[in-house]
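Below are the chains, spelled out letter by letter.
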Amino acid sequence: MPAVRDRSTSRLVSLVERASPALYVVSAIVVVLGTVAGFGGLNTVAKPPVAQAASGEVIEGKQLDVTITDAFLADEFDPYFEPDEGNRFFAVRALITNVSTTPMDKSKDNVLVDGLTGSNGDPQADEVIRIGESSSNAMLQPGVSQEVVLLWQIPATDERAGSTITVHVLDKTLRKGFLFDDTWDNPVVTADVSLVVGDRGFDFAKDDAR
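Quick notes on the rules
Throughout, a residue's number is its position along its own chain's written sequence, starting from 1. Restriction of local features to residues with pLDDT of at least 70 applies here, the model being predicted, together with a cutoff of 80 or more for giving and counting side-chain atom pairs; totals for whole chains, interfaces and linings are based on all residues. Values shown for side chains rest on all heavy atoms present in the structure; no hydrogens or waters enter the calculation. The helix count covers DSSP runs of H or I at least four residues long, the strand count covers runs of E at least two residues long, and both are numbered beginning at the N terminus. Exposure categories follow from relative accessible area, calculated using a 1.4 Å probe and restricted to protein chains: below 20% of the type maximum is buried, above 50% is exposed, and the middle band is partly exposed. Residues are treated as being in contact if the distance between any of their heavy atoms lies within 4.5 Å. The accessible surface values rely on the Shrake-Rupley method and a 1.4 Å probe; as for residues, cover is taken only from the protein chains in view. Should DSSP find at least two bridges between two strands, the strands are regarded as paired. Only the stretch in contact is used when a helix axis is fitted, and all axes are lines through C-alpha atoms; the angle between N-to-C directions ranges over 0 to 180 degrees. Among the buried residues, those of types Ala, Val, Leu, Ile, Met, Phe, Trp, Tyr and Cys that are joined through side-chain atoms within 4.5 Å form a nonpolar core. Pairing of aromatic side chains requires ring centres within 6.5 Å, counting the rings of Phe and Tyr and the six-membered ring of Trp. Pairs whose planes differ by under 30 degrees are stacked, by over 60 edge-to-face, and all others tilted. Think of it as a cone above the ring: NZ of Lys or CZ of Arg counts as a charge over the ring if it is within 6 Å of the ring centre and within 35 degrees of the ring normal. Definition used for salt bridges: Asp or Glu carboxyl oxygen within 4 Å of a side-chain nitrogen of Lys or Arg.

### Here we look at the overall build of the protein
Item 1. For the protein, the helix and strand inventory stands at one helix and 11 strands.
Item 2. Secondary structure elements in the protein, listed N-terminal to C-terminal, are α-β-β-β-β-β-β-β-β-β-β-β.
Item 3. A buried classification covers 36% of the 210 residues belonging to the protein.
Item 4. Of the contacts made within the protein by residues no fewer than 6 positions apart, 67% connect residues no fewer than 24 positions apart.
Item 5. Surface exposure of the protein reaches about 12,900 Å², of which carbon and sulfur atoms provide 56%.

Below you can see the structure in the form of structure tokens.
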């Protein structure tokens, strides 16, 4: 004798049959998310490794091309720049070229040193000196290259001479302005440079001093 289904049962079966494809999709998503979560979640996707560059190598960017030359300690830099009492300068020398179509007024956040902070507690240098001009943070026009020294103040008791440090070179993204001028922001590390820190004392102007 054939099975008998009442109307309510038939409606329920029909709804389940129509909903089955959507249920399968939702189930598949749940399974995928559960699998990803088991491996640490959606935020643990591996990022590409940062490129390693050598001293004197050009690191190309959208805003700047940067060449890190060396790093050293100094008791002063240029007669116009002296550290506060009890401090010394930690200096990184670099050649920067503005390869963009817009002038730039600073490069403090394009070159950082791992584990080093400025006087304000942020990682940016206290000063960026244009070598040969004795000026800090001067405007750099498109297509212009300039040798600079980035200076951080550190305690005189901080023994870093002879140690190896990592310099982070960052590049930025151009944000097109609507009501205001275009700006470069969102700095991202594009390359790391390892350097042995020298000590120049007061001989900051001698290229062969270490």
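The rest of the description comes next.
### A short note on the sheet that holds strand E10 (residues 183–196)
In a beta sheet, neighbouring strands pair by backbone hydrogen bonds and run either parallel or antiparallel.
Item 1. In space, the four strands of this open sheet follow the order E1-E10-E9-E5, with mixed pairing throughout. Sheet topology places strand E1 (51–53) and strand E5 (111–113) at the edges, where each strand pairs with a single neighbour. On average, each strand axis in the sheet is inclined to that of its neighbour by 35°, with strand direction left out of account.
Item 2. When strand E9 (residues 164–175) meets E10, the two strands line up antiparallel, connected through 11 bridges. Residue Ile165 lies in a different strand from E10, and its bridge partner there is Leu195.

### What to know about the nonpolar core
Item 1. Core analysis: the biggest nonpolar cluster contains 29 residues, and Ile68, Phe90, Val92 and Val167 have the highest contact counts within it.
Item 2. If you list the elements that add at least two residues to this core, you get strand E3 (64–74), strand E4 (87–98), E5, strand E8 (145–155), E9 and E10.
Item 3. Here the element with the most residues in this core is E3; it accounts for five residues.
Item 4. Formed by nine residues, the second largest nonpolar core is a distinct cluster that contains Phe72, Ala74, Val149 and Leu151.

### Structural notes on the pairing of E4
Item 1. Burial analysis of E4 places 10 of its 12 residues in the buried class, the great majority of the element.
Item 2. Examined bridge by bridge, E3 and E4 share 10 bridges and lie antiparallel to one another. Residue Ala74 lies in a different strand from E4, and its bridge partner there is Phe89.
Item 3. Bridging between E4 and E8 involves 11 bridges; their strand directions are antiparallel. Among the inter-strand pairings, Asn87 is bridged to a residue of E8, identified as Pro155.

### Details of the packing of aromatic side chains
Item 1. Within the structure shown, the criterion is met by one aromatic pair.
Item 2. Here the aromatic rings of Phe90 and Trp152 are separated by 6.4 Å at their centres, their planes lie at 80°, and the arrangement is edge-to-face. In this pair, Phe90 is assigned in strand E4 and Trp152 in strand E8, connecting sequence segments 62 residues apart. Judged on exposure class, the residue Phe90 and its partner Trp152 are both buried.
Item 3. For Arg200, the ring lying beneath its charged end belongs to Phe72, and the centroid distance is 4.1 Å.

### Examining the pattern of salt bridges
A side chain of one charge can pair with a side chain of the opposite charge when the charged atoms of the two come close.
Item 1. Under the defined criterion, the tally for this structure stands at nine salt bridges.
Item 2. Asp75 is paired through a salt bridge with Arg88; the nearest N and O atoms lie 2.9 Å apart. Of this pair, Asp75 sits in the loop between E3 and E4 while Arg88 sits in strand E4; the two residues are 13 residues apart in sequence, bridging distant segments of the chain.
Item 3. By relative accessible area, which is 12% here, Arg88 ends up buried.
Item 4. Each of Asp70, Arg93, Glu147 and Arg200 takes part in a single network of salt bridges with overlapping partners.

### Details of unusual backbone geometry
Item 1. A positive phi angle, close to 55°, is found at Asn186, a residue other than glycine.
Item 2. Looking at the element boundaries, Asn186 is found in strand E10.
Item 3. Overall, Asn186 belongs to the partly exposed group, its relative accessible area being 48%.

### Brief notes about the environment of Leu140
Item 1. Residue position: Leu140 is located in the loop between strand E7 (135–136) and E8.
Item 2. Leu140 gets classed as buried once you look at its relative accessible area, which sits at 4%.
Item 3. When the C-alpha positions of Leu140 and Asn98 are compared, they lie 6.8 Å apart, and in sequence the two are 42 residues distant.

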